[in-house]
Amino acid sequence: MTIDLFNKFYLDQEQGGYFSHIDPLTLDPRAASMGRNQARKNWNSVGDHAPAYLINLYLGTGRQEYADMLEDTFDTIEKYFQDYENSPFVQEKFFENWDKDQSWGWQQNRAVVGHNLKIAWNLMRMQSLKPKDSYVSLAQKIAELMPEAGSDRQRGGWYDVVERTKQPGEDFFSFVWHDRKAWWQQEQAVLAYLILHGLLPSEDYLKHAREVAAFYNAFFLDHDDGAVYFNVLANGTPFLMGTERYKGSHSMSAYHSTELCYLSAVYTNLLITKQPLDLYFKPFPKGFPDGILRVSPDILPPGSIKISSVEIDGQPYADFDALGLTVKLPDTQERVKIKVQIIPTA
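Sequence order as written defines residue numbering, which begins from 1 separately in each chain. For this predicted model, a pLDDT threshold of at least 70 governs which residues receive local features, and a threshold of 80 or more governs which side-chain atom pairs are given and counted, while totals over whole chains, interfaces and linings are taken from all residues. Here the side-chain values reflect all heavy atoms present in the structure, with hydrogen atoms and water set aside.

## Brief notes about the overall build of the protein
Phase 1: Where helices and strands are cited, they refer to DSSP runs of H or I of at least four residues and of E of at least two residues respectively, numbered from the N terminus. Of the regular secondary structure elements, the protein holds 9 helices and 13 strands.
Phase 2: Rg of the C-alpha trace for the protein: 21 Å, near the compact-globule value of 20 Å for 346 residues, within the 12% margin.
Phase 3: With the C-alpha coordinates aligned to their principal axes, the bounding extent of the protein is approximately 65 × 50 × 40 Å.
Phase 4: Accessible area is worked out with a 1.4 Å probe on protein chains only. A residue is then buried under 20% of its type maximum, exposed over 50%, and partly exposed in between. Counting across all 346 residues of the protein, residues that qualify as buried make up 51%.
Phase 5: Of all intrachain contacts in the protein linking residues separated by at least 6 positions in sequence, the fraction that spans at least 24 positions is 63%.
Phase 6: Per-residue accessibility takes into account occlusion by the displayed protein chains alone, with areas from the Shrake-Rupley method and a 1.4 Å probe. Of the roughly 16,600 Å² of accessible surface on the protein, 51% is carried by carbon and sulfur atoms.
Phase 7: Neither His nor the chain ends is counted toward charge; the positive residues are Lys and Arg and the negative residues Asp and Glu. By convention, the point assigned to a charge is CZ for Arg, NZ for Lys, CD for Glu and CG for Asp. Across the protein, the centroid of the 34 positively charged side chains sits 2 Å from that of the 45 negatively charged ones. Taken over C-alpha atoms, the radius of gyration is set against a globule rule of 2.2 Å times the number of residues to the power 0.38. The contact criterion used throughout is that any non-hydrogen atoms of two residues lie within 4.5 Å.

## Description of empty space enclosed by the protein
Phase 1: Definitions used throughout: a 1 Å grid over protein atoms alone; a cavity as a set of points that fits a 1.4 Å probe which cannot get out; a pocket as an open set with protein on both sides within 12 Å along at least five of seven lines; a lining residue as one with an atom within 4 Å of a point. Grid points are joined across faces, edges and corners, and a volume is the space filled by probe spheres set on the points. Under the counting rule described, the total for this entry stands at 2 cavities of 30 Å³ or more.
Phase 2: Of the volumes computed, that of the largest cavity is approximately 50 Å³.
Phase 3: Surrounding the largest cavity, Ser-151, Asp-152, Arg-153, Gly-156, Gly-157, Trp-158, His-208, Glu-211 and Val-212 form its lining.
Phase 4: Each residue receives one of three labels: charged for Asp, Glu, Lys and Arg, nonpolar for Ala, Val, Leu, Ile, Met, Phe, Trp, Tyr, Cys and Pro, and polar for the others, Gly being one of them. Of the residues assigned to the lining of the largest cavity, the class counts are 2 nonpolar, 4 polar and 3 charged.
Phase 5: As a volume, the second largest cavity reaches approximately 40 Å³.
Phase 6: Lining the second largest cavity we find Ser-20, His-21, Asn-37, Arg-40, Lys-41, Asn-42, Lys-93 and Trp-104.
Phase 7: Tallying contributions element by element places strand E1 (residues 40-42) first for the lining of the second largest cavity, with 3 residues.
Phase 8: For the lining of the second largest cavity, the class distribution of residues is 1 nonpolar, 4 polar and 3 charged.

## Focus on helix H8 (residues 203-219)
Phase 1: With 17 residues, H8 extends 24 Å from end C-alpha to end C-alpha; this agrees with the ideal 24 Å at 1.5 Å per step.
Phase 2: Of all the residues in H8, the buried ones are Tyr-205, Leu-206, His-208, Ala-209, Val-212, Phe-215 and Tyr-216.
Phase 3: Elements that come into contact with the buried residues of H8 comprise helix H6 (133-150), strand E5 (181-182), helix H7 (183-199), strand E6 (231-232) and helix H9 (255-272).
Phase 4: For H8, the side-chain oxygen to backbone nitrogen distance between the N-cap and Asp-204 is 3.2 Å, and the N-cap itself is Ser-202. Multiplying one less than the number of residues by 1.5 Å gives the expected span of a helix. By the criterion applied in these results, polar contacts are pairs of N or O atoms within 3.5 Å in which, for protein atoms, one can donate a hydrogen and the other can accept it, and in which residues neighboring in sequence qualify only through two side-chain atoms.

## Examining the sheet that holds strand E8 (residues 292-294)
Phase 1: Two strands are counted as paired when DSSP detects at least two bridges linking them. Taken together, the 3 strands give an open sheet; going across it, the order is E8-E12-E11, and neighbouring strands pair in antiparallel fashion. Both edges of this open sheet fall to E8 and strand E11 (320-321), since each of them pairs with a single strand only.
Phase 2: When E8 meets strand E12 (residues 326-328), the two strands line up antiparallel, connected through 3 bridges. Directly across from Leu-293, in E12, lies its bridge partner Val-327.

Structure representation (structure tokens):
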């Protein structure tokens, strides 16, 4: 139903991409009541489908329509978001016809560093589903440009929002508000450089991944009260002012933190160190119409991983497709605990 909603009201059938807002009464993205959001598109409305839900939806169902939606999303990013003749950062805000919107609200002509890294990370995920030279080229370009443009090369970690262009006489891209570092942007850097190194081995990629992981582990984890700080100062000191002192808020939940832990383990074990990965499931009876549990932990290169063993409630279970990464669920009226061990094929 959510996909139907997106495709019926948010999708631009003529010029591609998804609108960022629709009028709550008329459901019209072009309504004058939308003000500065009238007929607008942006990174979040186009690219965030993939990491927020769409890749997991495809992994859980295997349905081609979701693979097609993913491909359309990444083709749109590759086609319209690049702006390298003007800036090392992608363009993030657009009018309906894909002209640049560089006067919108707080964004103006500014870059969110983590969005660039997020694009590189998700392009490499998509590359394993629908290989295209254009995906790899853009991901590599972002990976090469971002360290000097958006990271702290002295103390480690990645900055928040910076100007997309330098003013005459400037050596660096100016901070928009502050030099703080947000937890979620570190996640994007870790995952981007881990998957890049896993698929296109490079000591530079591995170095960047380890550096940001070290900064995150040293300064973002709250060892006294648990969870993860929202922001830290440039030197790593937690920033505990206003709503940013909370571990949960309108913009912070477990999503980026748990995703980081989970996918870091997936990429490290299955792509880099070549170690087994144990996954646990507890599906509802009749929760999958075809009775098939799809256990691929992420979109990884075809044939690169397989199931080595399955247990149900602690007992060995043999009804699975090792290379297809599926388990045939038993016919039961109660939830069962399923342990699946995934291993690299080489």
